[in-house]
Amino acid sequence: MAIPTNGSSFTNYGWAVCLWALIIAFQYGYHISVLNQIQAVLTCKATSPNSLPAPPRLLECIPMSDLTFSLVTSIFTIGGLAGSLVAHLVMDNLGRRGTHRICAIFIGIGAAFMGLSNSLVFILFGRFLTGIGSGLGLCVGPIFLAEIAPSKISGSVGVLTQLAIVSGIMFTQVAGINLAAPFTWRYVFFISFCLSGLQIFFSSMVVESPAFLLGKGRLEDHKTAARRLWGNTVPSLACKTIRNSKYIHSLLNNDSEDSLEPPRQENATILQVFTLKQLRKPLMIVSSAMLAQQISGINAVLYYSNDILAKSLPELGAYISLGVTVINVIMTFPPIILIEKLGRRRLLFISTVGQLVSLAFIGYSLDSGASTVASIAILIFVMSFAVGLGPIPFVIIPEVSPAYAVSALSSVALSINCKSSRIANFIVGLAFLPIRNLLSGGDMYKEGQVFYVFIAIFSAAAVWLFSVYKTSSTSSHMFYNAQLLQ
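Please read all numbers here as calculations on a predicted model, not as lab measurements.

Q: How do you make sense of the overall build of the chain when you look at a structure like this?
A: What the chain contains, in helices and strands, is 21 helices and 0 strands. For the chain, with 486 residues in total, the buried portion stands at 56%. Considering only contacts within the chain whose residues lie at least 6 apart along the sequence, 83% involve residues at least 24 apart. Total accessible area on the chain stands at roughly 20,100 Å², and carbon and sulfur atoms take up 67% of it.

Q: Sorry if this is basic, but what is going on with the environment of Phe212 here?
A: Examined against the element boundaries, Phe212 turns out to sit in helix H8 (residues 210–215). The spacing of Phe212 and Arg97 is 115 residues in sequence and 9.9 Å in space, taken between C-alpha atoms. The contact partners of Phe212, leaving out residues within four places of it in the chain, are Met91, Asp92, Gly95, Arg96 and Glu147.

Q: Sorry if this is basic, but what is going on with the state of the cysteines here?
A: Two cysteines joined by a covalent bond between their sulfur atoms form a disulfide. Under the counting rule described, the total for this entry stands at 1 disulfide. Through a disulfide, Cys44 is tied to Cys61; the S-S separation comes to 2.0 Å. With the S-S dihedral at roughly 110°, the linkage between Cys44 and Cys61 falls on the right-handed side. On the criterion of sequence distance, the pair formed by Cys44 in the loop between helix H2 (39–42) and helix H3 (66–85) and Cys61 in the loop between H2 and H3 is long-range, its members being 17 residues apart. What makes Cys44 partly exposed here is its relative accessible area of 31%. The structure places no disulfide on Cys103, whose sulfur is separated from the nearest cysteine sulfur, that of Cys139, by 8.7 Å. Looking at Cys103, the relative accessible area reads 0%, which means it is buried.

Q: What is the right way to look at empty space enclosed by the protein in this model?
A: Here the idea is plain: a probe the size of a water molecule rolls over the atoms and shows the empty space left. Tallied over the full model, the rule gives 1 cavity of 30 Å³ or more. Forming the boundary of the largest cavity are 12 residues, of which Pro142, Ala146, Ser154, Gly158 and Val395 lie nearest the centre. At the level of elements, helix H5 (120–148), helix H6 (154–179) and helix H18 (392–400) are the ones that each hand at least two residues to the lining of the largest cavity.

Q: Please explain helix H9 (residues 219–230) as it appears in this structure.
A: Since one α-helical turn is 3.6 residues long, residues separated by three or four positions face the same way. End to end, H9 covers 16 Å across 12 residues, agreeing with the expected 16 Å (1.5 Å per residue, within 8%). Along H9, the positions that sit buried rather than exposed are Leu219, His222, Lys223, Ala225, Ala226, Leu229 and Trp230. Looking straight down H9, one finds that the buried residues subtend no more than 165° of arc, so they occupy a single side.

Q: What is the right way to look at the packing of helix H16 (residues 344–368) against helix H20 (residues 449–468) in this model?
A: The relative placement of two packed helices is expressed as an angle between their axes plus a distance between the axes. Two numbers describe how H16 lies on H20: the axes approach to 8 Å, and their chain directions differ by 165°. The orientation of H16 with respect to H20, classified from their angle, is roughly antiparallel. In the packing of H16 onto H20, the handedness of the crossing is left-handed. Along the lines of polarity and charge, the residues of the contact of H16 with H20 split into 16 nonpolar, 5 polar and 2 charged.

Q: Just to check I follow, could you spell out the environment of Asp443 for this structure?
A: You can see Asp443 is positioned in the loop between helix H19 (406–440) and H20. Taking C-alpha positions, Asp443 is 9.1 Å from Asp367, a pair spaced 76 residues apart along the chain.

Conventions and cut-offs
- Here the residue numbering is sequential within each chain, running from 1 through the sequence in written order.
- Local features are withheld for residues below a pLDDT of 70 in this predicted model, meaning they are given only at 70 or higher, and side-chain atom pairs are given and counted only at 80 or more; totals for whole chains, interfaces and linings count all residues.
- Note: side-chain values were computed over all heavy atoms of the structure, leaving out hydrogens and water.
- Secondary structure elements follow DSSP: runs of H or I no shorter than four residues count as helices, runs of E no shorter than two count as strands, and numbering proceeds from the N terminus.
- Relative accessible area decides the class of each residue, using a 1.4 Å probe on protein chains only: under 20% of the type maximum gives buried, over 50% gives exposed, and in between gives partly exposed.
- The contact criterion used throughout is that any non-hydrogen atoms of two residues lie within 4.5 Å.
- A 1.4 Å probe and the Shrake-Rupley method give the accessible areas. Residues count as covered only by the protein chains that appear here.
- In plain terms, two cysteine sulfur atoms within 2.5 Å form what is called a disulfide here.
- Cavity and pocket criteria rest on a 1 Å grid covering protein atoms alone: a 1.4 Å probe that fits but cannot get out defines a cavity, protein on both sides within 12 Å along at least 5 of 7 lines defines an open pocket, and an atom within 4 Å of a point defines a lining residue.
- Grid points are joined across faces, edges and corners, and a volume is the space filled by probe spheres set on the points.
- Working rule for helices: expected span equals 1.5 Å times residues minus one.
- Each direction from the helix axis to a C-beta atom contributes to the arc, which is the arc of those directions.
- Each axis is a line fitted through C-alpha atoms, taken for helices only over the stretch in contact, and angles between the N-to-C directions span 0 to 180 degrees.
- Oblique is the label for any angle not under 35 degrees, not over 145, and not in the 65 to 115 range, which are roughly parallel, roughly antiparallel and roughly perpendicular in turn.
- Take the far helix as the reference: if the near one is turned anticlockwise from it by less than a right angle, the crossing is left-handed, and if turned clockwise, right-handed.
- Residue type decides the class: Asp, Glu, Lys and Arg count as charged, Ala, Val, Leu, Ile, Met, Phe, Trp, Tyr, Cys and Pro as nonpolar, and the leftover types, Gly among them, as polar.

Set out below in structure tokens:
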């Protein structure tokens with residue numbers, strides 16, 4: 001029998017731990033977009049008045065070609081992929097708290113190299129280090145939050161990962177607008193360095209995940225962590241399943257550690273994720289969710305949004321990208337409430353339908369020359385993505401995974417996310433315009449046809465995702481692991 005209780009709510013300390021864990025997700029979003037606003041001044045292609053004192057012995061800018069800047073941008077993804085591939089080893093050996101500390105160290109050192117660099121080599125090295133830290137963090141963050149979240153709000157807490165990511169993107173755009181000047185662009189990286197320093201400093205005050213402690217047989221530490229996170233409620237394994245009823249009874253009645261032995265199972269390796277029969281279903285679910293997220297057309301829509309929205313709002317051209325990001329942040333709040341009321345699968349369905357319908361309107365309005373309709377459709381698309389397909393893939397990773405495989409499955413899922421994101425960005429950047437021109441034949445009133453291609457691809461991905469992800473109730477994830485472990 002599965003007993004999926006983590007307590008009914010966070011203590012104030014529990015919320016503080018949750019906020020501490022979200023710093024890494026914020027940093028990930030921050031570094032995704034950190035170069036966008038400062039590109040011109042960083043690469044010596046533009047100058048503007050200084051607004052802050054210039055650091056001593058540092059160059060105003062670092063000359064780069066467009067190709068070199070693309071390399072600097074993309075090496076972050078390569079670092080993220082490297083970090084995600086070793087994440088399960090780090091998590092299983094150092095724990096969730098220790099892995100967060102390692103992430104903060106990598107990001108902090110990387111940000112310092114970028115902010116103090118006078119050469120391309122150090123910029124690249126720093127960007128690679130921040131990628132490693134972010135890749136590790138994107139694996140451990142959702143797992144840690146799932147393991148410390150009270151059962152009643154586990155989904156809502158899981159959505160906070162996506163909220164932190166888009167908030168980081170928004171913050172770095174605001175910072176970039178105000179610091180995009182010679183010398184002062186370096187302060188953008190100084191902000192990230194300070195955040196890492198704060199996370200490292202407070203890490204000694206943060207408890208380890210109760211689930212991790214229980215898996216290691218550290219029962220007293222587990223009870224202490226659970227009570228600090230959830231108060232005087234029943235300590236139990238966070239978002240996991242305990243099947244040994246004798247062990248549960250002893251644990252709930254505070255029996256001595258000598259009288260019981262927690263059920264243990266060796267943690268799965270990445271190879272076993274692909275070879276064990278009982279892991280095929282969760283692997284298909286998390287892989288399908290991550291792939292659907294990346295091939296939904298979000299990269300193409302965001303790539304094209306500035307051009308379309310600038311036609312409708314020419315006086316706000318410089319702030320269009322920021323405006324879209326703000327909408328993305330705002331629309332990440334509704335799923336925090338709706339995910340527990342509607343369930344993961346239903347919210348995913350609503351999100352997917354909204355994206356498909358808005359993609360159709362984008363294509364139709366571009367073919368009709370209705371830029372205002374296209375602008376509205378783009379905003380609806382971004383909203384639809386934010387309420388479902390954006391946050392939920394991160395939420396379901398620890399929910400559909402058996403306890404012994406959650407670290408390895410997270411590494412695989414985030415590796416898929418990194419690879420598919422990189423491929424999607426590559427295709428959009430390199431092939432989007434040629435494909436659009438090929439389908440339109442040079443006719444500006446047929447430029448929307450390229451979005452029908454995304455509708456077809458995304459529809460196929462969505463059908464596959466919903467065929468493998470059957471869990472629909474708000475609490476069914478609590479019992480799903482029990483079925484997988486049978």
